[in-house]
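Residues per chain, in single letters:
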Amino acid sequence: MPVITYRQALRDTLRAELARDPSVFLMGEEIGVFEGSYKITAGLLDEFGERRVRDTPIAEEGFVGAAVGAAMLGLRPVVEIMTINFSLLALDQIVNHAAKIHGMFGGQCRVPMVIRTPGGGGQQLAATHSQNVELYYAFVPGLKVVAPSTPADARALLLAAIRDDDPVLFLENLALYNVKGEVDESAGPAEIGRAAVVRPGTDITLIGYSRMAAVAVEVAERLAAEDGVDAEVIDLRSLRPLDRRTIVESVRRTNCAVIAEDDWLTYGIGAEIAATLQEGAFDWLDAPVRRVAAAEVPLPYAKPLELAALPSAESLATAVRQTLDAVARRR
Amino acid sequence: MQLLTPEGERVHHPDFDIDITAEQLRGLYRDMVLVRRFDREGNALQRQGQLGIWVPLLGQEAAQIGAGRALTDRDMAFPSYREHGVAWCRGVKPTDLLGIFRGTDHGTWDPYEHRFQLYVIVIGNQVLNATGYAMGQRFEGKVGDQDGEATMVFFGDGATSQGDVHEGCVWAAVYDAPVVFFCQNNQWAISEPTERQSRLPLYQRARGYGFPGIRVDGNDVLATLAVSRWALDQCRTGNGPVLIEAFTYRMDAHTTSDDPTRYRLADELEAWKLKDPIERVRVHLVKQQWADQAFFDEVQAESDELAAGFREFCVNMPDPPPGRIFSEVYADEHPVLAAQRDEFLDYLHGFADASTGAQGGEH
C-alpha cells in the first residue's frame, strides 16, 4: 500500500471524487490560484477549471449559504473554510439552514454538502486562529461531524462525507497534514458513525479524536515500552453520530478510561464521553474517568505558553499513570 | 484624486486642495521613511526567527501617514493589523508593536491615551466596533462643529466582502455616525485580486448606503491627507459618514507567511514601484529646493538608528511567565480558573526548569 501524507490523501480523494461525479465541486477562499492556505487543493484548478474549483470572496456566510443552495438543487459542494475559526462567520447558514432544511422541509429536500475545515493549535497562530470548536457542530442534530486522525481515514471518511446526503462537517487538523500513513486506494468509503479500536489492549482505554487520537496511540506505545501497560486506543472518528457502543464495550473490558481532547475541558467533547461511560459502564469502572484537555484560556501566542496550554503526550501519559495508580489502590 | 504625481509634480484639484509648507512636507517625508525602515526591520526579524509573524506595510506609507496625520487628538482610530504608519502618527512607539508579533504580550499600548485602538486580526470586525463607538460620540453630543470628534476605521479591500463591513456601513448611515471608513485598497486579499471582491470600484458602494464615497491616490500623501481632513471634518460637523478608498498597492507579501510570487506577476510590482509613495515626495522636495542632501542624509541616519533600537529591543524581550496564560481571561479573578492556574503551576514546579512553562522540548 502506498504511504502518503494526510494532505495528499485529502487531495487525491478530492481529485478522484471530482473526476467520478460531475455534481461535485469545490468552493472556498484561496483554493484555486493559491491552491488553499494549506495546499490541499493544489493542482485541482488546473485540472478541473474554474467551474469546478471556485475562488470565493472573503465572505464565509456568503459562500456557505451558496453551497447550501447548490446542495438543495442536487449538486455536491465541498466547501473549504480556511480554518474552523472562520466557520463562526457562517454559523447561521450551518446551524439554522444546512442542519434544519431536511427536517423543516418535511424531508423533501436534502443538503448533500461537505464543509472541510482544519482546527487545532500548536502553530503559533494565536487565540482566534487556533481553536477547537467542533463541539459547536457536534451539538447540532441534522449535522454529521467526522474527524479523521490518519491518512487512511482522511480518505475513507472524505469519500463517505462527499457521498453522504446530509451536511457533513469534516474536521482536519493543522498538526496532522504532514503525518504519513498507508492508504489503501481500493478501499471504499468509511461508515460515518463508527469509532475504530486502533490499538487493542486490556489495561486501560484511551479515547481521542483527530490530533489527540494520534497522540493517544503514541502514548500507548510508550507506556507499553516503559511501564508494560497494555492500553487500548479508540479513535472516535465521528463526533456526531457518536459510536457509544464501541467505547462502552471497551471500558467494560478494561475497567478504566482516559479521554484526550484538544478542546476546552468544561462542556467539551470529553464531558459527553464521560457521561456515556457513566451511563453504560458505571458498574465496570474501577477509577473515575479522567479527561486531558486544553487550559481554559484563549490560546497564548507565545510559543512556550502555547505548548504549555495544550494537552500533550506528557500530560496524557501522566493522567494514564494516575488512573492506573487509582485502579491499583482499589483492587 | 491626486495632488502630487508619481513624477513629483504638484497638481491641483478644485474641491480638495491643500496648502503645505516645506517644513510640513519634510515632516511627512520623514514619517514615511522612518515607518518604512522599521517595517523592513520587522520583516527581517521574522525571517531571522525573532518574530512569529510580521505584517508588512511596504507601499502603503502614504495612505497611512496621510490618514494618520489628518486625525486630531480628539479623534479615535480603529486599525486592522497592518496600520503601523497610523500607529506611528498616534504616538505609539514602534517597539510597542513588537509584543503582539513576538508573542510576549497581547496589547502593549493604551488605546485611550493614544486614541488608537489595539490591532484586530479578525477581518472586518473592527468596522462594526468603530461604528458603535462613533454612534456613541454622536449620542453624547460630541458632534456638530469644528471642535467635534470623529472616528476613522481602517480595513482592506478583502474586508469589504465581509458582512461586518456592510452592516457597519448600514448602521453608520442610518444613525449619522461620525465615522470615516478608510479602505486601503492594496489590490490583493492574500491571493485574491480586487475583482474577486467587487464588480465596481469600491468607493462607489457608498452611494448605495447614502453617504459620500471618494477614491484617492493612496500613494500620494498630500491627496490622502487632504481627503482625510475633509472627511473627518464632514464627520465632526455632523455630516458623516464618509467612505474613502485609498488606491494603493501592497508591495510585499500579505504577511511573512505568504509568498506573492505564486499568484501575481513581477511586472505588476515593477509598475507600482514607479508610483512609489516616498520617491515622489523626495523628487518634489528637491525640485522645490525645499530640502538638501543633508536633510535626506539626516533622515536616513535617523531611520537606521530607529531600526537598530527596534531590533535591540526585540531580541531582548523576555518570555512571559506561565501564570500569564490565566491572568487576563476575565477582568477579575475567577475561582474556577484560579484553581486551574494553581494546579497548572504546581504541575510545572515539578520540573527541574519551571521558568518558562514549557513541558520539555525546545524551550
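Residues numbered from 1 in each chain as written. Chains lettered and ligands numbered in written order. Predicted model: local features only at pLDDT ≥ 70, side-chain atom pairs only at ≥ 80, totals over all residues. Heavy atoms only, no water.

Some thoughts on the overall build of chain B
Which entries qualify depends on this criterion: In this description a helix means any DSSP run of H or I spanning at least four residues, a strand means any run of E spanning at least two, and both kinds are numbered starting from the N terminus. We compute the radius of gyration from the C-alpha atoms alone; for a globule the expected value is 2.2 Å times N to the 0.38, where N is the number of residues. Exposure classes here rest on a 1.4 Å probe applied to the protein chains alone. A residue is buried below 20% of its type maximum, exposed above 50%, and partly exposed in between. Only the protein chains shown count as cover for residues, with accessible areas throughout obtained via the Shrake-Rupley method and a probe of 1.4 Å.
A tally of regular secondary structure across chain B gives 13 helices and seven strands. Taken over C-alpha atoms, the radius of gyration comes to 22 Å for chain B, in line with the 21 Å a tight globule of 363 residues would show. Principal-axis analysis of the C-alpha atoms gives chain B an extent of 75 × 50 × 40 Å. Relative to its 363 residues, chain B shows a buried fraction of 54%. Summing over all exposed atoms, chain B offers an accessible surface of approximately 15,700 Å²; the carbon and sulfur share of this is 50%.

Quick notes on the overall build of chain A
Cut-off, in case you're wondering: We call two residues in contact when some of their heavy atoms are within 4.5 Å. When charges are tallied, Lys and Arg are placed among the positive residues and Asp and Glu among the negative ones, while His and the ends of the chain are skipped. Where a charge sits is defined by one atom per residue type, namely NZ (Lys), CZ (Arg), CG (Asp) or CD (Glu).
Counting its secondary structure elements, chain A contains 12 helices and 14 strands. Against the globule reference of 20 Å for 331 residues, chain A gives a C-alpha radius of gyration of 20 Å, in line with a compact fold. Referenced to the eigenvectors of the C-alpha coordinate spread, the extents of chain A come out at roughly 65 × 45 × 40 Å. Expressed as a percentage of the 331 residues in chain A, the buried residues total 62%. Sequence separation of at least 24 residues holds for 83% of the intrachain contacts in chain A that already meet a minimum separation of 6. Total accessible area computed for chain A in this model is approximately 12,500 Å², and 52% of it derives from carbon and sulfur atoms. Considering chain A, the positive charge centre built from 33 side chains and the negative charge centre built from 45 side chains are found 3 Å apart.

What to know about the sheet that holds strand β4 (residues 76-80) of chain A
Residues and elements named next belong to chain A. Applicable threshold: When DSSP finds at least two bridges between two strands, those strands are taken to pair. Think of each axis as a best-fit line through the C-alpha atoms, taken over the contacting stretch in the case of a helix, with angles from 0 to 180 degrees between the N-to-C directions.
Strand order across the open sheet formed by seven strands is β3-β2-β4-β5-β7-β6-β12, with mixed pairing between neighbours. In this open sheet, the two strands that pair with only one neighbour each are β3 (53-55) and β12 (238-240). Each neighbouring strand pair of the sheet contributes to a mean axis angle of 20°, computed without reference to strand direction. For β4 and strand β5 (residues 114-119), the ladder comprises three bridges, and the chain directions are parallel. Bridging across to β5, Val79 finds its partner in Ile115.

Re the UniProt feature "domain: Transketolase-like pyrimidine-binding" (unreviewed entry) in chain A
Cut-off, in case you're wondering: UniProt positions are given in the numbering used here, feature names are shortened, and annotations may be inferred rather than shown by experiment.
UniProt annotation of "domain: Transketolase-like pyrimidine-binding" (unreviewed entry) refers to residues 4-179 of chain A when read in the numbering used here. For residues 4-179 of chain A, helix accounts for 36% and strand for 17%, while the C-alpha atoms at its two ends are 8 Å apart.

Here's the deal with the sheet that holds strand β13 (residues 257-264) of chain A
Residue and element names in this part refer to chain A. What the five strands build is an open sheet, ordered β9-β11-β10-β13-β14; its pairing is mixed. On the outer flanks of this sheet lie β9 (196-199) and β14 (290-294), each paired with one strand and no other. Taking each pair of neighbouring strands and ignoring which way they run, the sheet shows an average axis angle of 25°. Inspection of the sheet shows strand β10 (residues 204-208) paired to β13 by three bridges, in the parallel sense. By the bridge assignment, Leu206 is partnered in β13 with Val258. Lying over the sheet, helix α8 (residues 211-227) contacts β9, β10, β11 (231-235) and β13, oriented at roughly 170° with respect to β11. Along the sheet, helix α10 (residues 269-281) contacts β10, β13 and β14; its crossing angle with β13, the most-contacted strand, is approximately 155°.

Brief notes about the packing of aromatic side chains
All names here are of chain A. Selection criterion: When the centres of two rings from Phe, Tyr and Trp lie within 6.5 Å, Trp using its six-membered ring, the rings pair. Their planes under 30 degrees apart give stacked, over 60 give edge-to-face, and anything left gives tilted.
Within the structure shown, the criterion is met by 26 aromatic pairs over all chains. Consider the rings of Tyr38 and Tyr177, whose centres lie 5.7 Å apart with planes at 35°: the pair is tilted. Taken together, the residues span a long stretch of sequence, with Tyr38 in the loop between β2 (24-28) and α2 (44-48) and Tyr177 in the loop between β7 (168-173) and β8 (180-182) at a distance of 139 residues. Looking at Tyr177, the relative accessible area reads 2%, which means it is buried.

Quick word on the interface of chain A and chain B
Rules: Polar contacts here mean pairs of N or O atoms no more than 3.5 Å apart (in protein, one a potential hydrogen donor and the other a potential acceptor; neighbouring residues in sequence count only if both atoms are side-chain atoms). Basically, the charged four are Asp, Glu, Lys and Arg, the nonpolar ten are Ala, Val, Leu, Ile, Met, Phe, Trp, Tyr, Cys and Pro, and anything else, Gly included, counts as polar.
Opposite the 35 residues of chain A that make contact, chain B presents 40 residues. Where chain A touches chain B, the interface holds 11 residue pairs in polar contact (both at pLDDT 80 or more). Listing elements by their share of the side of chain A that touches chain B, those giving two or more residues are α11 (303-309) and α12 (313-330) of chain A. Looking at the side of chain A that touches chain B residue by residue, the classes come out as 17 nonpolar, eight polar and 10 charged.

Section: the layout of surface pockets
Applied cut-off: Using a grid of 1 Å spacing that covers the protein atoms alone, one calls a set of points a cavity when a 1.4 Å probe fits there but cannot get out, and a pocket when the set is open and has protein on both sides within 12 Å along at least five of seven lines; lining residues are those with an atom within 4 Å of a point. Grid points are joined across faces, edges and corners, and a volume is the space filled by probe spheres set on the points.
Of the voids in this model, the second largest pocket is the one considered here, and its volume is about 680 Å³. If you go around the second largest pocket, you meet 22 residues; those closest to its centre are Arg291(A), Val292(A), Ala293(A), Ser315(A) and Glu343(B). For the lining of the second largest pocket, the elements supplying multiple residues, two or more each, are β14, α11 and α12 of chain A together with α13 (335-349) of chain B. With five residues, the top contributor of residues to the lining of the second largest pocket is β14(A). Of the residues assigned to the lining of the second largest pocket, the class counts are 13 nonpolar, five polar and four charged.

Remarks on the state of the cysteines
Rule in force here: Here, two cysteine sulfur atoms that lie within 2.5 Å of each other are counted as a disulfide.
A complete count under the given rule lists zero disulfides over all chains for this structure. With no disulfide of its own, Cys169(B) has Cys183(B) as its nearest cysteine by sulfur position, at a separation of 9.7 Å.

Here we look at the UniProt feature "domain: Dehydrogenase E1 component" (unreviewed entry) in chain B
UniProt annotation of "domain: Dehydrogenase E1 component" (unreviewed entry) refers to residues 30-304 of chain B when read in the numbering used here. The span residues 30-304 of chain B carries 44% helix and 11% strand; its end-to-end C-alpha distance comes to 12 Å.

Things to note about the nonpolar core
Note the following rule: The nonpolar core is taken to be a set of buried Ala, Val, Leu, Ile, Met, Phe, Trp, Tyr and Cys residues, with the residues joined through side-chain atoms within 4.5 Å.
Within the largest apolar cluster, 68 residues are counted, with the highest numbers of intra-cluster contacts made by Tyr29(B), Tyr119(B), Leu222(B) and Ile244(B). Excluding residues that lie within four positions of it along the chain, Ile244(B) makes contacts with Val180(B), Phe181(B), Phe182(B), Cys183(B), Ile214(B), Val216(B), Val227(B), Ser228(B) and Ala231(B). Listed in part, the 50 residues of the second largest apolar core include Ala98(A), Val133(A), Tyr209(A) and Leu285(A).

Some thoughts on helix α3 (residues 60-72) of chain A
Residue and element names in this part refer to chain A. For clarity, the cut-off: Helix span is expected to be 1.5 Å times the residue number reduced by one.
Across its 13 residues, α3 extends 18 Å between first and last C-alpha, which sits within 8% of the 18 Å expected from 1.5 Å per residue. Of the surrounding elements, those touching the buried residues of α3 are β2, β4, α4 (91-98), α5 (101-104) and β5. One or two residues past the end of α3 sits Gly74, with phi positive at roughly 105°.

Considering helix α5 (residues 125-139) of chain B
Residues and elements named next belong to chain B. If you check α5, its first and last C-alpha atoms are 22 Å apart, about what 15 residues at 1.5 Å a residue would give, namely 21 Å. Looking only at α5, the buried set comprises Gln126, Val127, Ala130, Thr131, Ala134, Met135 and Gln137. Taken together, the buried residues of α5 touch β1 (76-78), β2 (151-156), α6 (163-174) and β3 (179-185). Positive backbone phi, at 75°, marks Gly141, one or two positions downstream of α5.

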